[in-house]
Amino acid sequence: MGEFTLELNEDQKQVRDWLHGFAADVMRPAAAEWDEREETPWPIIQEAAKLGIYSLDFYAQQFFDPTGLGIPMAMEELFWGDAGIALSIVGTGLAAVGVLANGTEEQIGTWVPQMYGDANDVKVAAFCSSEPDAGSDVASMRTRAVYDEAKDEWVLNGTKTWATNGGIADVHVVVAVVDPELGSKGHASFIVPPRTPGLSQGQKFQKHGIRASHTAEVVLEDVRVPGSCLLGGKDKLDERLARAREKAKSGGERVKNAAMATFEASRPAVGAMAVGTARAAYEVALDYARTRVQFGRPIIENQGVAFQLADMATQIDAARLLVWRASWMATAGKPFTNAEGSMSKLYASEVAKSVTAQAIQILGGNGYTREYPVERMHRDAAIYTIFEGTSEIQRMVISRALAT
Ligand SMILES: Cc1cc2nc3c(=O)[nH]c(=O)nc-3n(C[C@H](O)[C@H](O)[C@H](O)COP(=O)(O)OP(=O)(O)OC[C@H]3O[C@@H](n4cnc5c(N)ncnc54)[C@H](O)[C@@H]3O)c2cc1C
């Protein structure tokens, strides 16, 4: 027999079961309450921190799992528990990835631990790229970072929007324009340390789903950060800008920008979140179809219902396989020649939306009420086709990859 296997090893199974226990015993029972409250579930984040689930160590361990399956397996279990609470627990990870992707070792060592705090004093972090006029069109970003050479400080001005944990975070990672001539190639990422004057929370959004996760505008007014807060450092930025200017002159090859590097690394993880929500709704629907009796027999005995469940199960497994493939490729250093990361996010997010809608249908009137969790799961699932690049943007990325 060759080496190929899709079976999790014993360590992975242990971690999966441990996370599943937390998701089933702590997250599920609290899900409806925090959805209604539309507030960050601090006590649950604290509980996760005490158990080691909300910690840099835990994510680093999963991130460095040599099979690549650590992160998708963890995401699937937590989002199976509840998407809103899970996003409150893993939202810091997006900012952490922003630093890991672009920061120096010293910056990683200084800032990433501060993003999490510790079990007695938990903190969260925010990654702020989107703006009111720059969502999918990242190149339209206006938030400006200007270097004050005399003081070795960067001065940030602008308004960010849709930031998960925006304004309640201790550490904010902010993407800003350093050279407006270069479009998205003229962007850089900055750490805004805790309690920096000039950074404030704007509007907090009331959302359709994932309501336990805080989403808000972040306003930056003459925010001054030390030169050391430019991720990657000034020399690397100057080199990158010089290369981009050269290439712009010669009309040459594409250069990855800071925000895109973060998104590329995180897309399969978002696919795994979607798989978790889809699986949760499917399980409720399956259970219901086996027990709900109409016309003298369980509704699953009608082919119309059973075939829906068969399609749901098949699509969820197909989505997971795409996510696992992309995660394995990323860990094995394989280039995403056909945008396999985007493929996994596109397919899994669309599956989550359709599976959760079908789950409502299978539960009939009960599915439409807040007595059962599937309507919440359907509201939650709608986010996956929007954030970290909409489905349309994933299709653009995939089709461009195929065309080149
Ligand atoms: C709950 C939530 C949390 C978020 N968290 C974060 C975060 O932590 N940090 C952060 O920086 N951002 C975050 N975002 C922002 C998110 O990434 C953006 O909402 C997303 O990228 C889409 O941008 P937009 O909302 O401006 O939509 P738009 O870009 O205005 O798109 C509107 C519609 O037009 C379509 N469209 C746009 N351009 C094209 C095109 N060229 N071809 C075809 N269709 C197109 C889109 O697919 C979409 O259907 C979050 C958003 C939400 C809702």
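The name given to the protein in an unreviewed UniProt entry is Acyl-CoA dehydrogenase family protein, and the organism recorded there is Streptomyces roseolus. Turning to the protein, the UniProt annotation filed under Cofactor (unreviewed entry) states: "FAD". What UniProt records for the protein under Sequence similarities (unreviewed entry) is the sentence "Belongs to the acyl-CoA dehydrogenase family."

Side chains that are nonpolar tend, in soluble globular proteins, to be buried together. Within the largest apolar cluster, 116 residues are counted, with the highest numbers of intra-cluster contacts made by F190, A274 and A359. The leading source of residues in this core is helix α8 (residues 258-291), at 14 residues. Each residue touching A274, except ones within four places of it in the same chain, is listed here: A319, A348, S349, V351, A352, A381 and Y384.

By the assigned domains, the protein splits into domain 1 (10-122), domain 2 (125-250) and domain 3 (258-403). Here domain 1 and domain 2 have C-alpha centroids that lie 24 Å from each other. Taken together, the contacts link 24 residues of domain 1 with 20 residues of domain 2. Listing elements by their share of the side of domain 1 that touches domain 2, those giving two or more residues are α1 (10-37), α5 (83-102) and α6 (105-116). If one sorts the elements of the side of domain 1 that touches domain 2 by residue count, α5 sits on top with 13 residues. Considering only residue class, the side of domain 1 that touches domain 2 consists of eleven nonpolar, eleven polar and two charged.

The next point concerns the packing of helix α10 (residues 340-367) against helix α12 (residues 391-403). The angle between the axes and the distance between the axes are what describe a pair of packed helices. Interaxial distance between α10 and α12 falls to 9 Å at its minimum, and their mutual angle equals 150°. Looking at the two axes, α10 sits roughly antiparallel to α12. The way α10 lies across α12 gives a crossing that is left-handed. Where α10 abuts α12, its residues S342, M343, K345, L346, S349 and E350 lie against S391, Q394, R395, V397 and I398. Grouping the constituent residues of the contact of α10 with α12 by class yields four nonpolar, four polar and three charged.

About the cut-offs
Residues numbered from 1 in each chain as written. Predicted model: local features only at pLDDT ≥ 70, side-chain atom pairs only at ≥ 80, totals over all residues. UniProt positions renumbered as here; feature names shortened; annotations may be inferred. Core = buried A, V, L, I, M, F, W, Y, C linked by C-beta atoms within 7 Å. Buried ≥ 20, exposed ≤ 12 C-beta atoms within 10 Å, placed from the backbone. Helix = DSSP H or I, 4+ residues; strand = E, 2+ residues; numbered from the N terminus. Contact = placed C-beta atoms within 7 Å. Domains from an automatic or database assignment. Nonpolar A, V, L, I, M, F, W, Y, C, P; charged D, E, K, R; others polar. Axes fitted to C-alpha atoms, helices over the stretch in contact; angles between N-to-C directions. Parallel < 35°, antiparallel > 145°, perpendicular 65-115°, else oblique. Left-handed = near helix turned anticlockwise from the far one by under 90°.

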